[in-house]
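What the coordinates show
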Amino acid sequence: MPHDDHDHDHEHVHHEGMSPSGHPYRADQDEPLTYWQTMEIAVRELLEEKGIFSAAEIATAIGRMDARSPADGARVVAKAWTDPAFKARLMADGSAAAAELGCAIDALKLVVVENTADTHNVIVCTLCSCYPRNLLGLPPDWYKNRAYRSRVVKEPRSVLAEFGLALPDSIRVRVHDSTADMRYIVLPARPAGTEGWSEERLAALVTRDSMIGVGLPHAAA
Amino acid sequence: MSKQSETDLRYHDMGGLPAGPVERSEHDYALWEKRVDALMVLSTSRGLFTVDGLRRAIEDMGPDAYETRSYYERWIYAVNRNLIEAGAYTPDELAARMEAVAARGADYATCSRAAEPSDA
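Residues numbered from 1 in each chain as written. Chains lettered and ligands numbered in written order. Predicted model: local features only at pLDDT ≥ 70, side-chain atom pairs only at ≥ 80, totals over all residues. Heavy atoms only, no water.

**Structural notes on the overall build of chain A**
- Counting its secondary structure elements, chain A contains 11 helices and 4 strands.
- With 221 residues in all, chain A has 50% of them scored as buried.
- Considering only contacts within chain A whose residues lie at least 6 apart along the sequence, 64% involve residues at least 24 apart.
- When the accessible surface of chain A is summed, it comes to about 10,300 Å², and 53% of that surface belongs to carbon and sulfur atoms. (Helix = DSSP H or I, 4+ residues; strand = E, 2+ residues; numbered from the N terminus. Buried < 20%, exposed > 50% of the residue type's maximum accessible area, 1.4 Å probe, protein only. Contact = heavy atoms within 4.5 Å. Areas by Shrake-Rupley, 256 points an atom, 1.4 Å probe, with all protein chains shown as cover.)

If you want it as C-alpha cells, here you go:
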C-alpha cells in the first residue's frame, strides 16, 4: 500500500519490524556503531561542551522537524482551494502566505506552481535534495536518489507512470528544479465533487505525493 | 565550442542522465540521522556556515564516496568539515573524541548515552 493511502481514521496494524507509520526502521540502535555515527556523536558532544549548542537546543530542533508533515502543506492547499484571496497571495509570495497559517519558511523562497486543466507540475532537485521541508517534512528516500533526480527532468511522463500517474498527451508537464534557496510546491487541482466542503475535509484529500506532483489528491469519496 | 560530454559533469549533477526505475523506498529517519539534520539546521541558523558550504563539501567528496555513503553520512562528513573550517573545534579534538566515543561500547545507543545524563 502506498504511503499516502493509509486511512488514518482506522487503527494502524503494526507489522513486526515496521514503525507505526508502516516503514521499516533503519538499523541503528542495535547494529555495530559506524564510523559516521561515531563522528555525529563526537561532533555533537564537542559543540555542547564548547557551549555552541546545548543538548536541549538539538532536541528542540529535532522536535520542530518531527512536527512538520504533509498535513501542513495540505492545510495550505485546502485554504487556497476555498479562499481566492489567500490563493492570490500564495501564488504571489508562497513564503508569506504559508507564514499566515503558521508555517515558517525561514529564509527560503517558496514558489507555488498550480496544476490546471491543461498543465501538470512536478518538483525535483537534480543537484541534491532541496525540498519544501517546512511544509512537507523530510523528503522520502526516492526523492533524494539517483533514479528520480536523473530521469524526471528528461522523461517525466515515464517516471510519473511508475508512480501510477498516467497523464494524457494533451496535458503539458512542467518539471521544476529546486535550488538550495528556492523551493517549489505543487498546488494540485481541487477534486471534482467537493463543492461546499470545509477546509479540514478538503485537507484530508491532499497527499504528500500530490504536492510533489507524482500523484493526485484523493478523489471525493 | 564543443558540447559538454557527460563525463565533464560533476557527479552530483545528474539531471537528464540515464538511470533505472525509481525505487520507491522510504524509511523513518534514525535518531542519529535526525541529529545530523539538527546540527545542520542549528549551524546555519547561528551563521557557522551556510547550506552552500554543506553542498561544496559534499560535491568535493569524490564520486565513490558520494555513491557509497548514505545521505546523512554525506551530511555529517560535510557538517564536520565546515565546523572545523569555522574553528568550532580542531581536527585533533575530533579525533580524540571519536576514539573515546568508540571505546564506550559496540552500538549507537551505548556510545551516545554518555552525552545524555537523562538516560542514566
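**Re the pairing of strand E4 (residues 182-187) of chain A**
Residue and element names in this part refer to chain A.
- Counted residue by residue, E4 has 5 buried out of 6 residues, so it is predominantly covered.
- Sheet topology places strand E1 (residues 109-114) next to E4; 6 bridges connect them, and they run parallel. Residue pairing across strands places Val 111 opposite Tyr 184, the latter belonging to E4. (Pairing = 2+ DSSP bridges.)

**Concerning the packing of aromatic side chains**
- Summed over all chains, the structure comprises 13 aromatic pairs over all chains.
- Residues Trp 142 of chain A and Tyr 148 of chain A carry aromatic rings whose centres are separated by 5.0 Å and whose planes lie at 70° to one another, so their mutual orientation is edge-to-face.
- A relative accessible area of 0% places Tyr 148 of chain A in the buried class.
- Taking the centre distance of 5.3 Å and the plane angle of 75° together, the rings of Tyr 72 of chain B and Trp 75 of chain B count as edge-to-face. With Tyr 72 of chain B and Trp 75 of chain B both in helix H4 (residues 71-85), this residue pair falls 3 residues apart, about one helical turn. One exposure class covers both Tyr 72 of chain B and Trp 75 of chain B, and it is buried.
- An aromatic cluster of at least three residues, connected via ring pairs, comprises Tyr 131, Trp 142, Tyr 143, Tyr 148 and Phe 163 of chain A.
- The ring of Tyr 77 of chain B is capped by Arg 69 of chain B, whose NZ or CZ atom sits 5.2 Å from the centre of that ring. (Phe/Tyr/Trp six-rings, centres within 6.5 Å; stacked < 30°, edge-to-face > 60°. Lys NZ or Arg CZ within 6 Å of the ring centre and 35° of its normal.)

The quantities given are spatial measurements derived from coordinates; they are silent on function.
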